Amino acid sequence: MTTRTVQRLIPAIQASDGAGVKIKRSLGQNQHTRLDPFLMLDFFGSDQAGDYIKGFPPHPHRGFETVTYMLAGHMLHEDHLGNQGHLKSGGVQWMTAGRGIIHSEMPQQDAGLMQGFQLWLNLPAAEKMKPAAYVDISPELIPQIALAQGTAKVIAGTLQTNDIQQSGPIQGLTTEPQYYDLHLTAGQTITLQLALTHSAFVYPYAGEIKVVDDKEQRKVPEHHAGVLTNGTAVTLYAEDDCRLLLLAAAPIGEPIVQYGPFVMNSMAEIEQAISDYQQGRLTDNKAANSIVLAR
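Residues numbered from 1 in each chain as written. Predicted model: local features only at pLDDT ≥ 70, side-chain atom pairs only at ≥ 80, totals over all residues. Heavy atoms only, no water.

### Brief notes about the environment of A206
So the rule is basically this: Labels follow the DSSP assignment, with helices taken as runs of H or I lasting at least four residues and strands as runs of E lasting at least two, numbered in each case from the N terminus. Pairs of residues are marked as contacts when any of their non-hydrogen atoms sit within 4.5 Å.
With respect to the helices and strands, A206 occurs in strand 19 (residues 199-206). For A206 and D163, which are 43 residues apart along the polypeptide, the C-alpha to C-alpha distance reads 27 Å. Filtering out sequence-adjacent residues up to four positions away, A206 remains in contact with E222, D241, C242 and R243.

### Side note on empty space enclosed by the protein
We apply this condition: Cavities and pockets are found on a 1 Å grid laid over the protein atoms alone: a cavity is a set of points where a 1.4 Å probe fits but cannot escape, a pocket is an open set with protein on both sides within 12 Å along at least five of seven lines, and a lining residue has an atom within 4 Å of such a point. Grid points are joined across faces, edges and corners, and a volume is the space filled by probe spheres set on the points. Three residue categories are used. Nonpolar comprises Ala, Val, Leu, Ile, Met, Phe, Trp, Tyr, Cys and Pro, charged comprises Asp, Glu, Lys and Arg, and polar comprises the others, including Gly.
Enumeration according to the criterion identifies one cavity of 30 Å³ or more in this entry. In this model, the largest cavity occupies a volume close to 60 Å³. For the lining of the largest cavity, the secondary-structure elements that each account for two or more residues are strand 3 (21-25) and strand 4 (38-46). Of all the elements, strand 4 adds the most residues to the lining of the largest cavity, at three residues. The residue inventory of the lining of the largest cavity, partitioned by class, reads six nonpolar, two polar and two charged.

### Description of unusual backbone geometry
The following threshold applies: Throughout, exposure labels follow a simple rule: accessible area from a 1.4 Å probe, protein chains only, divided by the maximum for the residue type, with under 20% read as buried, over 50% as exposed, and the rest as partly exposed.
Geometrically, the link from D36 to P37 is a cis peptide bond, its omega value of 10 degrees lying close to zero. Looking at where P37 falls in the secondary structure, it is placed in the loop between strand 3 and strand 4. Phi is positive for N162, close to 50 degrees, though the residue is something other than glycine. Given the relative accessible area of 71%, N162 is considered exposed. In the Ramachandran plot, H223 falls in the positive-phi region, its phi being about 60 degrees despite a non-glycine side chain. Counting through the fold element by element, H223 comes out in the loop between strand 21 (217-220) and strand 22 (224-228).

### So, the pairing of strand 2 (residues 13-17)
The test is simple: A pair of strands counts as paired when DSSP detects no fewer than two bridges linking them.
Relative to strand 3, strand 2 is paired through five bridges, and the arrangement is antiparallel. Pairing of I13 across the sheet is with R25, part of strand 3. Counting the residues in the hairpin turn of strand 2 and strand 3 gives three residues, including G18, whose phi is positive at 60 degrees.

### Digging into the pattern of salt bridges
Two side chains bearing opposite charge may form a pair once their charged atoms approach each other closely. Our working rule: When a carboxyl oxygen of Asp or Glu lies within 4 Å of a side-chain nitrogen of Lys or Arg, that pair is called a salt bridge.
One pass over the structure, following the stated rule, counts eight salt bridges. For the salt bridge of D17 with R25, the shortest nitrogen-to-oxygen distance reads 2.9 Å. Here K130 makes a salt bridge to E127, at a shortest N to O gap of 3.4 Å. Judged by relative accessible area, E127 falls into the buried class, the value being 19%. One salt-bridge network, in which partners are shared between bridges, spans D17, R25 and D42.

### Thoughts on the layout of surface pockets
Size it by volume and the largest pocket reaches roughly 390 Å³. Among the secondary structure elements, those contributing two or more residues to the lining of the largest pocket are strand 3, strand 4, strand 5 (56-61) and strand 11 (114-122). For the lining of the largest pocket, a count of residues per class yields nine nonpolar, 10 polar and five charged. Each pocket or cavity is described by its volume, and for the second largest pocket that value is around 160 Å³. Around the second largest pocket, the lining comprises 13 residues; the ones closest to its centre are G157, T158, Q171, E176 and Q178.

### With respect to the sheet that holds strand 10 (residues 101-107)
What counts, and what does not: Convention adopted: a line fitted to C-alpha atoms gives each axis, helices being fitted over their contacting stretch, and angles between N-to-C directions are expressed from 0 to 180 degrees.
The strand order 5-10-7-8 describes an open sheet built from four strands, whose pairing is antiparallel. On the outer flanks of this sheet lie strand 5 and strand 8 (84-88), each paired with one strand and no other. Across this sheet, the average inter-strand angle for adjacent strands is 20 degrees, counted without regard to direction. By the bridge criterion, five bridges tie strand 7 (residues 74-79) to strand 8 in an arrangement that is antiparallel.

### What about the sheet that holds strand 21?
With antiparallel pairing, the four strands of this open sheet are ordered in space as 18-23-20-21. The two strands at the open ends of the sheet, each matched to only one other strand, are strand 18 (188-193) and strand 21. Neighbour-to-neighbour, the strand axes of the sheet open up by a mean angle of 30 degrees, direction not taken into account. Relative to strand 21, strand 20 (residues 209-212) runs antiparallel, the two being bridged by four bridges. By the bridge assignment for strand 21, K210 is matched with K219.

### Overview of the packing of aromatic side chains
Where we set the bar: Centres within 6.5 Å make a pair out of two Phe, Tyr or Trp rings, where for Trp the six-membered ring is used; the pair is then stacked when the planes are under 30 degrees apart, edge-to-face when over 60, and tilted otherwise.
Evaluated as defined, the whole model comprises seven aromatic pairs. Between the aromatic rings of F117 and Y203, the centroid separation amounts to 5.6 Å while the plane-to-plane angle is 90 degrees, which identifies the pairing as edge-to-face. Taken together, the positions of F117 in strand 11 and Y203 in strand 19 put the pair 86 residues apart, joining distant regions of the chain. The burial state of F117 is the same as that of Y203; both residues are buried.

### Let's talk about the nonpolar core
In plain terms, the rule: Residues belong to one nonpolar core when they are buried, are Ala, Val, Leu, Ile, Met, Phe, Trp, Tyr or Cys, and are joined through side-chain atoms within 4.5 Å.
F38, W94, F117, Y179, F201 and Y203 are the most contacted members of the largest nonpolar core, which has 30 residues in total. Sequence-distant contacts of F117, that is, excluding residues within four places in its chain, are made with L41, D42, F43, F44, V67, T68, Y69, L71, Y179, Y203, Y205 and L245. Residues I145, I209, V211 and A248 belong to the second largest nonpolar core, which totals 25 residues.

So this is what it looks like as C-alpha cells:
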C-alpha cells in the first residue's frame, strides 16, 4: 500500500457566478488550479436569499460534465431537451454537456439555507461531441453507510475501507470518478482505497481534516482543496467533527482550452463552439442520451 499525502493546498476564493450567486471557488480559479480531469469545484452556501435568489438563468455548455450536489435547499433544472428536475437536499444532478446543452438552474425558495457544490469534470476528446445526457439522482438512490468513524455517502465509484465496500449510482464513466461525502467524528481515523494514479483531492466544508502518512500529518483547512500525491490509499484523521468531500478520477492527459462554458482541446474547437452557439447549432444532437444509474 502506498499512502498519499498532501501535495498542495488551494484555498477557495470568494466569487460569483450565474446571475450573481455568491460562491467559494477552489479548483478552477485559473488554469493553474485545475487537477486533470477536474476543471472546477464551487461551494455555495447562504441563508441570505440575496446571495442566491437570481440563480443560473439559461446558459450553454460543451465538452465536459457538470455535477451538482445539494446539501440543503431546492433548485429546478430545465434544459433544451425538455428535461426538468427538482434538485433537493441530498440529491445530485449529473449532466453530460457533450456536444451541447442549454440549461438553467433556478432556486425554488425565497428564504432559508441553500448549500451545495458544483463540480466540472472534463471529457476526453473522443467524447466531447457526443449527445448530451442528464440524470437526477434522488437522495434515496445514494447509499449512506455507517462507519465506525462516522458516515459516508457514495455518489460515484466504489468506496473501500477495511472490509466495507459500497458502490454508488454513477459507474462506468471513462474517467472512473469516485465522489464521496464523509462525515467523520472527533478523534477518528479512516483509511480509504484509491486507484494508484487517479488524481485526488479532499475538500473539508465543515471543520478541518488531517491527511496522515508514515512521516507526518498535513492539515487541510476548511474550504481548501487538498490535492493529494499518487498512491493506493489515503488516511484521514479528524481531530474534531469534520464534513468533507473526497474526489478522485483518472486523468485524461490532453490539452485543455477553456472559454467560459466551453471546454475543448484547441482554440479552433472553441471558435467552432462559439459559432455553433451563435448560429443555433450547439444543440443539434441527433438523439438525447440518458445516463444509466448502477443498480
